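# A closer look at the structure
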Amino acid sequence: MTRKTRLGWLGPVLVLVATAVAGAGVYLMVTKKPKHGDVIETITVDPATKIVVRAEQGGDRNFIELHTGDEMVWRALVPPYAGKPGKTGVAWSDIAVSIRVVRDDKAEVFALARRDSNKLGGVHLGIDKGPILRDPPGPLTLTDHLRSYELVAGDGWNQMTAIDLRNGAKLWTIELGAAPITAGEVQGGLIKLTQGGTARYFKVFTGKEDRSSETTGIPIP
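Scope of this entry: the structure provided in the associated data block. Quick caveat, the model's predicted, so the values are computed rather than measured.

Reading the values: the criteria
Residues numbered from 1 in each chain as written. Predicted model: local features only at pLDDT ≥ 70, side-chain atom pairs only at ≥ 80, totals over all residues. Heavy atoms only, no water. Pairing = 2+ DSSP bridges. Helix = DSSP H or I, 4+ residues; strand = E, 2+ residues; numbered from the N terminus. Axes fitted to C-alpha atoms, helices over the stretch in contact; angles between N-to-C directions. Phe/Tyr/Trp six-rings, centres within 6.5 Å; stacked < 30°, edge-to-face > 60°. Lys NZ or Arg CZ within 6 Å of the ring centre and 35° of its normal. Buried < 20%, exposed > 50% of the residue type's maximum accessible area, 1.4 Å probe, protein only. Lys, Arg positive; Asp, Glu negative; His and termini not counted. Salt bridge = Lys/Arg side-chain N within 4 Å of Asp/Glu carboxyl O. Polar contact = N/O pair within 3.5 Å; in protein donor to acceptor, adjacent residues only side chain to side chain. Contact = heavy atoms within 4.5 Å.

Further remarks concern the sheet that holds strand E2 (residues 49-56). Hydrogen bonding along the main chain pairs the strands of a sheet, whether they run parallel or antiparallel. The four strands lie next to each other as E1-E2-E3-E4, forming an open sheet whose pairing is antiparallel. If you trace the sheet from one side to the other, it starts and ends with strand E1 (36-46) and strand E4 (71-78), each paired once. This sheet shows a mean twist of 20° between the axes of neighbouring strands, independent of strand direction. One ladder, built from seven bridges, connects E1 with E2; its direction is antiparallel. Bridge pairing in E2 links Ile43 to Ile51.

Structure below.
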């Protein structure tokens, strides 16, 4: 188990190398020259940098682009994007840009090198669950730019997974129950979720719920 965690993005890369040899499953734009379409979402990284997600003309995949000033640094083609304006599926660190995608009614996180868009790997979410809700009421991806916190929901279940954006290691996964999650944000060392009309707080390093009265304002017996 330790070895698997330390591999991070590398494990999926080895699988992708074998797949590439077979001539399938390669999503970076190399030879087929698919055409980019309308902008779906623009995410501001800093005053000089932005990430743009675009539609694919005549297809259901998406493009993700990194822009610095007026220059497009790179563009890559990925599976269908799960997010939309106001419900982003994109996170970033100084090493990677991650994007939430959907394939076969399951959620995945793809990671690209921020420097040059090379594929770093991917993480499957909700592996032991059924089909996901394509448009859940709450957020998809929260981030503090060191980790991404990926929320995935299905019929009667919600789950959250933390991913290290430096190496792609899956840090923890927790079950959140059936009540719908309607909002979320990262506050310092805590993830705040609104679930069933109630605020819940989770520690970013472990995923353990923080039930202290100082955090929630509700006295705990």
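Taken as a whole, this structure holds one aromatic pair when the rule is applied. Its guanidinium or amino end placed over the ring of Phe110, Lys119 lies 3.8 Å from that ring's centre, counting from NZ or CZ.

Moving on, we come to the side chain of Glu41. Looking at the element boundaries, Glu41 is found in strand E1. This buried residue, Glu41, is left without a salt bridge; Lys84 holds the nearest opposite charge, at 10 Å. Looking at Glu41, its side chain comes within polar contact range of the side chain of Tyr81, at 2.5 Å. Excluding residues within four positions of it along the chain, Glu41 makes contact with Ile51, Val52, Val53, Tyr81, Lys84, Pro85, Thr88 and Gly89.

Moving on, we get to the sheet that holds strand E14 (residues 190-195). What the three strands build is an open sheet, ordered E13-E14-E15; its pairing is antiparallel. Across the chains shown, the open sheet's two edge strands, defined by having one partner strand only, are strand E13 (181-187) and strand E15 (198-203). Going from strand to strand, the sheet's axes swing by 20° on average, the running direction of each strand aside. Judged from the six bridges that link them, E14 and E15 form a sheet pairing that is antiparallel. Each bridged residue has a counterpart across the sheet, and for Gln195 the counterpart in E15 is Thr198.

Most of strand E7 (residues 106-113) is tucked away: seven of the eight residues are buried. Two elements, strand E6 (residues 96-103) and E7, share eight bridges in a ladder whose sense is antiparallel. Its bridge partner lying in E7, Val97 is registered against Leu112. Where E6 hands over to E7, the hairpin turn is made up of two residues, of which Asp104 adopts a positive phi near 55°.

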